[in-house]
Amino acid sequence: MSRLVVVSNRIADPRQTAAGGLAVALAEVLNSTGGLWFGWSGKIVDATEDDAVHVQQAGPVKLLMVDLSQVDHDAFYLGYSNGVLWPVFHYRLDLADFDAGYIGGYRRVNQLFARKLLPFLQPDDVIWVHDYHLIPLAAELRALGCKQRIGFFLHIPLPPPMILAAIPGHDWLIRALFAYDLVGFQSRQDLRHFGDYVESEAKAQPLEEHRWRAFGRTVQAGAFPIGIDVQEFNELANGSDALEMYERMKREYYRRKLLVGVDRLDYSKGLPQRMRAFREFLTKNPDLRSSATLIQIASPSRENVSAYTDILHELESLCGSINGNFGDLDWMPVRYIHRTVARARLPGLYRASRVALVTPLRDGMNLVAKEFLAAQDEEDPGVLVLSRFAGAAEQLKEALLVNPYDTEGTAAAIQLALQMPLEERRHRHQALMRSVRQFDVHWWCESFLEALGQAQAEEKGTSWLRL
Ligand code: GDG
């Protein structure tokens, strides 16, 4: 088996539990092939400092890290990646900041990554690049002579062509994807958007299924919905931290049914809309009021991007007004926690909850939905209320699917979830777990790498090099 080289903006030590499911899944293949993981160190340094690659051995895996200068970090990470690509790919053109200066930084950092990674590569390595920060990386590597197989996986959604086309330089961005041998998306819908775009905007020629020719290259694309490591999550759920959390929640809220939300504090997650739906539910169901408490964990994220401060204030004000209007001396309807909860405790919180509210306005997949299901007691499982706009909705059809923009509809689903009889809860949970187990993170990893191994790039020229 070829050695695997993973490239992503941030990297994690795969030996640590806190790193989460993705790192654990990648660790398995990285460990077995003695692979490399390359990414940003998380450090910002003076531009004049030494720009060496930091090498750290993590078991059989080598972690390779580069630092970024302040200017590059601001333009690449805050600017183009999170100020342009993140909002537009989540359909939020209104929040995009199309500053012409950002794209130069984005390109510079991708070139830096390519230059720094190249000396570590061996001829039959397989390279797997992750996410929107690194779309042009393969093209930059190819420009330096890299011939290895390179795959790309987009963790976030790909919007329809007319939204993508709002990005100045969108053609450049999509052309860069043709330097990969395989491009993977989270859902069939994202894959359809890719096909629509390349055929309508880039006049790509469709070949066999999900394969196109353009810019003198062919590219294979596919949908590879990411999953969780069910076994690792079960082990976490049986650990002392999770059990303690479960007991504590049960003790504290023994008279109430818990609803839970666990999200990074991000405008794509639909948190204000969720609060409005919960308020609507409280208004419409006075009899159920004091029996339901919503615990919302909103872990801090990208706090130096201004759209994130706005969402923080909006959410704080909504939670405050709901508690002020509906709360009583012995009951607050919303517990809002703007902190990161230790990963080892999350399964306990999920298991103690009757309902999970996973209602993003747009989401590539959403792993919280799958984690919640995996943490349930299958004899007495909770109910998943899931946005139809999460990639996970393509798979998790037995959840209560909602439109998060529809406040009344979501409020009605909350009521249904809280009152759902045991038999129906079990029935739905069983069906949902079949999908969570079958399409777990190992399936995701293996099926992507297998498809990458089979993808036959056919190079007819080098016009794609002119990025
Ligand atoms: C991107 C895409 C796609 C959350 N709060 C805490 C915490 N979390 C963990 C959850 C889960 C992960 O973070 C969040 O994953 P999601 O999938 O929900 O969302 P994104 O972070 O936006 O991830 C997404 C994903 O990539 C994978 O491809 O599904 O669509 O946007 O694992 O448990 N973990 C801890 N404390 C918290 O407070 N420890």
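See the structure above.
A brief structural summary. For clarity, every value in this text was computed on a predicted model and none was experimentally measured.

Description of the sheet that holds strand 5 (residues 126-130)
Sheet architecture is open: ten strands sit in the order 3-4-2-1-5-6-7-10-9-8, paired in mixed fashion. Strand pairing shows two members of the sheet lacking a second neighbour, strand 3 (54-58) and strand 8 (205-206), which therefore form its edges. Inspection of the sheet shows strand 5 paired to strand 6 (residues 149-153) by five bridges, in the parallel sense. The residue of strand 6 that forms the bridge with W128 is G151. Here helix 2 (residues 70-89) sits on the sheet in contact with strand 1 (4-10), strand 2 (36-45) and strand 4 (61-69), set at roughly 100° to strand 4. Contacts from helix 3 (residues 102-117) reach strand 1, strand 2 and strand 4 within the one sheet, and its direction differs from that of strand 4 by about 140°.

Comments concerning the pattern of salt bridges
Applying the stated criterion across every chain, the model contains 19 salt bridges. E140 is paired through a salt bridge with R107; the nearest N and O atoms lie 2.7 Å apart. Here E140, found in helix 4 (residues 137-143), pairs with R107, found in helix 3; they are 33 residues apart in sequence, far enough to count as distant. Given a relative accessible area of 6%, E140 falls into the buried group. A residue is classified by how much of its surface remains accessible, and R107, at 25% relative accessible area, is partly exposed. In this structure, E208 and R211 form a salt bridge, with 3.6 Å as the shortest nitrogen-oxygen distance. The structure contains a network of salt bridges with shared partners spanning R142, D181 and R217.

Here's the deal with the sheet that holds strand 15 (residues 383-387)
Here we have six strands laid out as an open sheet, ordered 13-12-11-14-15-16, and parallel in their pairing. The open sheet terminates on both sides in strands that have one partner only, identified here as strand 13 (334-337) and strand 16 (400-402). Averaged over all neighbouring strand pairs, the angle between strand axes comes to 20°, with direction disregarded. Sheet topology places strand 14 (residues 355-358) next to strand 15; four bridges connect them, and they run parallel.

Some words on the site of the ligand
Around the ligand, the structure places 23 residues, and the nearest of them are H155, V341, D363, L367 and E371. Elements with a contribution of two residues or more to the shell around the ligand: strand 11 (257-264), strand 12 (292-299), helix 12 (346-351) and helix 13 (367-375). When the residues that make up the shell around the ligand are grouped by side-chain class, the tally is eleven nonpolar, six polar and six charged. Two domains each put at least three residues into the shell around the ligand: domain 1 (4-227 + 443-454) and domain 2 (230-438).

Some remarks on the packing of aromatic side chains
The full count for this structure, using the stated rule, is 22 aromatic pairs. Here the aromatic rings of F38 and F113 are separated by 5.2 Å at their centres, their planes lie at 75°, and the arrangement is edge-to-face. Linking F38 in strand 2 with F113 in helix 3, this pair joins segments that are 75 residues apart in sequence. For the pair F38 and F113, one class covers both residues: buried. An aromatic cluster is defined as three or more aromatic residues linked by ring pairs; in this entry it consists of W128, F153, F224, W444 and F448. Taking NZ or CZ as reference, R10 lies 5.1 Å from the ring centre of W40, over its face.

Parameters at a glance
Just so you know, the residues in each chain are numbered from 1, in the order the chain's sequence is written. Restriction of local features to residues with pLDDT of at least 70 applies here, the model being predicted, together with a cutoff of 80 or more for giving and counting side-chain atom pairs; totals for whole chains, interfaces and linings are based on all residues. Processing note: side-chain calculations cover all non-hydrogen atoms of the structure and skip hydrogens and water entirely. A strand pair is defined by DSSP finding two or more bridges across the two strands. Runs of E in the DSSP output that reach at least two residues are strands. Runs of H or I that reach at least four are helices, and both are numbered from the N terminus. A contact between two residues is defined here by any heavy atoms of the two lying within 4.5 Å. Axis definition: a line fitted to C-alpha atoms, over the contacting stretch in the case of helices. Angles run 0 to 180 degrees between N-to-C directions. By salt bridge we mean one thing: a side-chain nitrogen of Lys or Arg within 4 Å of a carboxyl oxygen of Asp or Glu. Using a 1.4 Å probe on the protein chains alone, a residue whose accessible area is under 20% of its type maximum counts as buried, one over 50% counts as exposed, and one in between counts as partly exposed. Near is defined per residue: the residue qualifies when any heavy atom it owns lies within 4 Å of the molecule or strand. All residues other than Ala, Val, Leu, Ile, Met, Phe, Trp, Tyr, Cys, Pro, Asp, Glu, Lys and Arg, Gly among them, are scored as polar; the first ten of these are nonpolar and the last four charged. Throughout the structure description, domain borders are defined by an automatic or database domain assignment. The pairing test for Phe, Tyr and Trp rings, Trp by its six-membered ring, is centres within 6.5 Å, and the orientation test on the planes gives stacked under 30 degrees, edge-to-face over 60, and tilted for anything in between. We count a charge as sitting over a ring when the NZ of a lysine or the CZ of an arginine lies within 6 Å of the ring centre and within 35 degrees of the ring normal.

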